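Per-entry structural report
These are the residues of each chain, in order.
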Amino acid sequence: MKSELNLKLIKSLSLEQIPVGVDVNGKMEFAANPMHLANGQPNPAYKSSYILWDSNRAAPPGFGVRVAGKKTYILRRKVNGKSIMPTVGNVADFNVIDDARAKAASLARIVVETGRNPNELARRAAEAELTLGQAMAKYREHMVTRQQKRAGAETLKVYDRAVRKLKAWGWCDRKVKDVTTAEIETKFLEGRATPEATEQAFRWPSRAVRWCISQEALAASSEGREPRIVVSPFEILTLNRHYRSQTQKNIEREEQSKRNPLKPSSTLGPFLEAAWSKRLTNDNETGVHYLLLMLLWGCRQSEHAKCVWGELLQAHGAAGVGRKTTSHVWLGEHEEYGPHVFFYRTKNELNHRLPITPMALRLLRLRQESSAKEVIQRGFGAKSRPFVFPARSRTSSTGHYRDATDLLGRLKNEAGLEKLTRHDLRRSFGSVMTALGVPESIKRRMFNHADVSVTDMYTKAEWELLRDWMTRIEEAILSKAPNVYNDLRPVDWPPLLAPERHICKPPAPRSGRPRKQLVVAPMPV
């Protein structure tokens, strides 16, 4: 049926009376809509819904109102022989019927252009809208699968920590566009007491969403549509300058002594003497060797912890393949490098190779002796056997030593230092290089900074220059602790005048309930 629709007519429509025609005066005629037959059975002629089409000239063709449990405006168009009928909206949502006609006209254009139901397109677009959790998961997958500079274990550990924070705030299940800039700023300012952790927690989602926006822009362009997301709400932090500048960070770190390398003139010597003494107590030898070599090589903990003995590596296929893909130390002769340490795929995805100089070589020989004793105790099939720094626990998941935090804390107290972290040992190596005037090109080599000019391939002259500087750095470090220097120096080097050896404080008694004393009952008389 067709009639010129108006709100008065639409309000009068119901399922009890259905339109059946128009009288001679052009007025709509209605008839009862019988639900049941006389015997109480359902009437097959009963209509559960009907449509009244709009004959108004302002209405787009196919516009009408459907009367069912509720009244809704609808539009029907046929495209390529296919009938498409999108819902325009609930009658109660439009105060003026012309607004419904205008919306129907815009939907009609989409139907003609796409040949699809606009409501279905909108629903699918809403489903395709990215949640923050999905953005973080996509970017994490990208970081571990990309060809260049894949994320390492430490980076992923920090990234996953940021994801856990977002989950705790209830943001991961929300669409990116629904996370407001006001919420982001409020949550960021709540974390001002811990700026380093807070900035880290927000920089990761900012990077992830920015990457997803770029991916979406490319996909939308190839599909000939508008991007579903074009801006990241996290950009508000950059726009309003909430992140600290590098200058601010440096000032804060200096004020709070967060970066506290050992000073050659004061704290380096006491630390080394305390560490050398500590190796003799409570099975600390592996940990002390681990820390000393971290200092002498200026490496990150993730680089040398997993080193294995080079001679235990099995070459698969061509000779030396195992040595090219595994972090290791090589103490014997080598056709190009002699004794050296090789770090495979470091933090910046570059391999790194350093010469092993005389006193580090002596330290590693001592390490070999200790490792051999441990192998005998644990058995030759132990998982820890090939590692330079074997794990102390038989149940270790990796088989190698990897966390010296507790030991470093005890050494800090033993040497009377206020603050000291594992990365401060790398910074101490850098401060010694600066004091010696090491050229910048050599510094980059030592630190393995990401640079196209830095590789683990050397000419003979380059390698000899690197070995010379490493020897001078090693001497500069260990000469601050004469007892350590004298124990590790080659036999043809003159000894240094040394003070009394450091004696470590006895370990603090364990807390807890004291042991029960055995009471012996008197013998009966």
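Structural notes, computed from the coordinates. On a predicted model such as this, the values are computed, not experimentally measured, just so you know.

Concerning the side chain of K278
Positionally, K278 belongs in helix α10 (residues 268-278). Among all residues touching K278, those that are not within four sequence positions of it are N284, V288, L407, R410, L411, E414 and C504.

Considering the sheet that holds strand β5 (residues 63-67)
Across the sheet, which stays open at both edges, the five strands sit in the order β1-β4-β5-β6-β9 with mixed pairing between neighbours. The open sheet has two free edges, formed respectively by β1 (2-3) and β9 (87-90), since each of these has just one partner strand. Relative to β5, strand β4 (residues 50-54) runs antiparallel, the two sharing four bridges. Paired with W53 across the two strands is G64, which belongs to β5.

Focus: the pattern of salt bridges
Pairing between side chains of opposite charge can happen when the charged atoms of each approach one another. According to the stated counting rule, one finds 18 salt bridges in the structure shown. Residues R101 and D54 are paired through a salt bridge, measuring 2.7 Å at the closest nitrogen-oxygen approach. Remark: D54 occurs in strand β4 and R101 occurs in helix α2 (residues 97-114); sequence separation between them is 47 residues. Looking at R101, the relative accessible area reads 6%, which means it is buried. One salt bridge in this structure joins R210 and E235, with 3.3 Å as the shortest N-O distance. Of the two residues, R210 is situated in helix α7 (residues 195-223) and E235 in helix α8 (residues 235-239); the sequence distance between them amounts to 25 residues. For R210, a relative accessible area of 40% corresponds to the partly exposed category. When salt bridges that share partners are traced, they join D54, D98 and R101 into one network.

Calculation rules
- Residues numbered from 1 in each chain as written.
- Predicted model: local features only at pLDDT ≥ 70, side-chain atom pairs only at ≥ 80, totals over all residues.
- Heavy atoms only, no water.
- Helix = DSSP H or I, 4+ residues; strand = E, 2+ residues; numbered from the N terminus.
- Contact = heavy atoms within 4.5 Å.
- Pairing = 2+ DSSP bridges.
- Salt bridge = Lys/Arg side-chain N within 4 Å of Asp/Glu carboxyl O.
- Buried < 20%, exposed > 50% of the residue type's maximum accessible area, 1.4 Å probe, protein only.

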